[in-house]
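Summary of structural features
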Amino acid sequence: MSEYTWEDVAKHNTADSLWVYANDKVYDITSWLERHPGGKRLLLLAGGRDITDLLTSYHPFSDEKLHKTLAKFEIGRISKFEFPRYEKDTGFYAECRKRVGEYFESNSR
């Protein structure tokens, strides 16, 4: 698997070549741009950047589907980050998301 720095990823920020990274994985989402259910505008705004927190914010209850979709676009790993990394979730946030998701599922009309 290829390795990229954040500077490498940052060069791919247009509709012609759109890369992002989440956690330590780099994705070429150029071909997904026109098919993204939420539209292409947000993807273009995030192009060339770290989308780790965006994924968690915009897709809080769709981990399995999200990661399955993203895996199709993985092209490598990030070897150098622009900013220091936050510590990984201890499980608290994941448990909160799970419980909130279950609440909405059981109380949806």
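Not measured: the values here are computed from a predicted model.

Within the protein, the secondary structure is distributed over five helices and five strands. Reading the protein from its N terminus to its C terminus gives the helix and strand order β-α-β-β-β-α-α-α-β-α. On the principal axes, the C-alpha backbone points of the protein span a range of 45 × 30 × 25 Å. Burial status across the protein gives 26% buried among its 109 residues. Carbon and sulfur atoms make up 53% of the accessible area of the protein, which totals about 8100 Å².

Now for the pairing of strand S5 (residues 74–80). As defined by bridge partners, strand S1 (residues 2–5) adjoins S5 across four bridges and the pair is classed as parallel. Looking at S5, one finds that Ser 2 is bridged to Gly 76. Examined bridge by bridge, strand S4 (residues 25–28) and S5 share three bridges and lie antiparallel to one another. The residue bridging Val 26 from the neighbouring strand is Gly 76, located in S5.

In total, this model carries three aromatic pairs according to the counting rule given. On the basis of an interplanar angle of 70° and a centroid distance of 5.0 Å, the ring pair of Tyr 4 and Trp 19 is categorised as edge-to-face. One end of the pair, Tyr 4, is in strand S1; the other, Trp 19, is in strand S3 (residues 17–22), and 15 residues separate them in sequence. Taking relative accessible area as the criterion, Tyr 4 reaches 17% and is therefore assigned buried. Relative to Phe 104, the ring of Tyr 103 has its centre 5.6 Å away and its plane inclined at 70°; by these criteria the two rings are edge-to-face. Looking at Tyr 103, the relative accessible area reads 51%, which means it is exposed.

Turning our attention to the pattern of salt bridges. Tallied over the full model, the rule gives five salt bridges. Close ionic contact of Lys 98 with Glu 102 constitutes a salt bridge, the shortest N to O distance being 3.9 Å. With Lys 98 and Glu 102 both in helix H5 (residues 92–107), this residue pair falls four residues apart, about one helical turn. Look at Lys 98 and you get partly exposed, because its relative accessible area is 47%. Its relative accessible area of 42% is what places Glu 102 among the partly exposed residues.

Quick look at the nonpolar core now. Ranked by internal contacts, the top residues of the largest apolar core, which has 14 residues, are Tyr 27, Ile 29, Leu 43, Ile 51 and Leu 55. Going through the elements one at a time, S3, helix H2 (41–46) and helix H4 (63–71) are the ones with two or more residues in this core. If you tally residues by element for this core, the top one is S3, at three residues. Tyr 4, Tyr 21, Val 26 and Ile 78 belong to the second largest nonpolar core, which has six residues in total.

To continue, consider a nonpolar patch on the surface. Taken together, the side chains of Phe 61, Val 100, Tyr 103 and Phe 104 make up a nonpolar region of the molecular surface, amounting to roughly 440 Å² of accessible area. For Val 100, a relative accessible area of 36% puts it in the partly exposed group.

How each quantity is defined
Residues numbered from 1 in each chain as written. Predicted model: local features only at pLDDT ≥ 70, side-chain atom pairs only at ≥ 80, totals over all residues. Heavy atoms only, no water. Helix = DSSP H or I, 4+ residues; strand = E, 2+ residues; numbered from the N terminus. Buried < 20%, exposed > 50% of the residue type's maximum accessible area, 1.4 Å probe, protein only. Areas by Shrake-Rupley, 256 points an atom, 1.4 Å probe, with all protein chains shown as cover. Pairing = 2+ DSSP bridges. Phe/Tyr/Trp six-rings, centres within 6.5 Å; stacked < 30°, edge-to-face > 60°. Salt bridge = Lys/Arg side-chain N within 4 Å of Asp/Glu carboxyl O. Core = buried A, V, L, I, M, F, W, Y, C linked by side-chain atoms within 4.5 Å. Patch = residues over 30% accessible without salt bridge, like charges linked within 9 Å, V, L, I, M, F, W, Y side chains within 5 Å.

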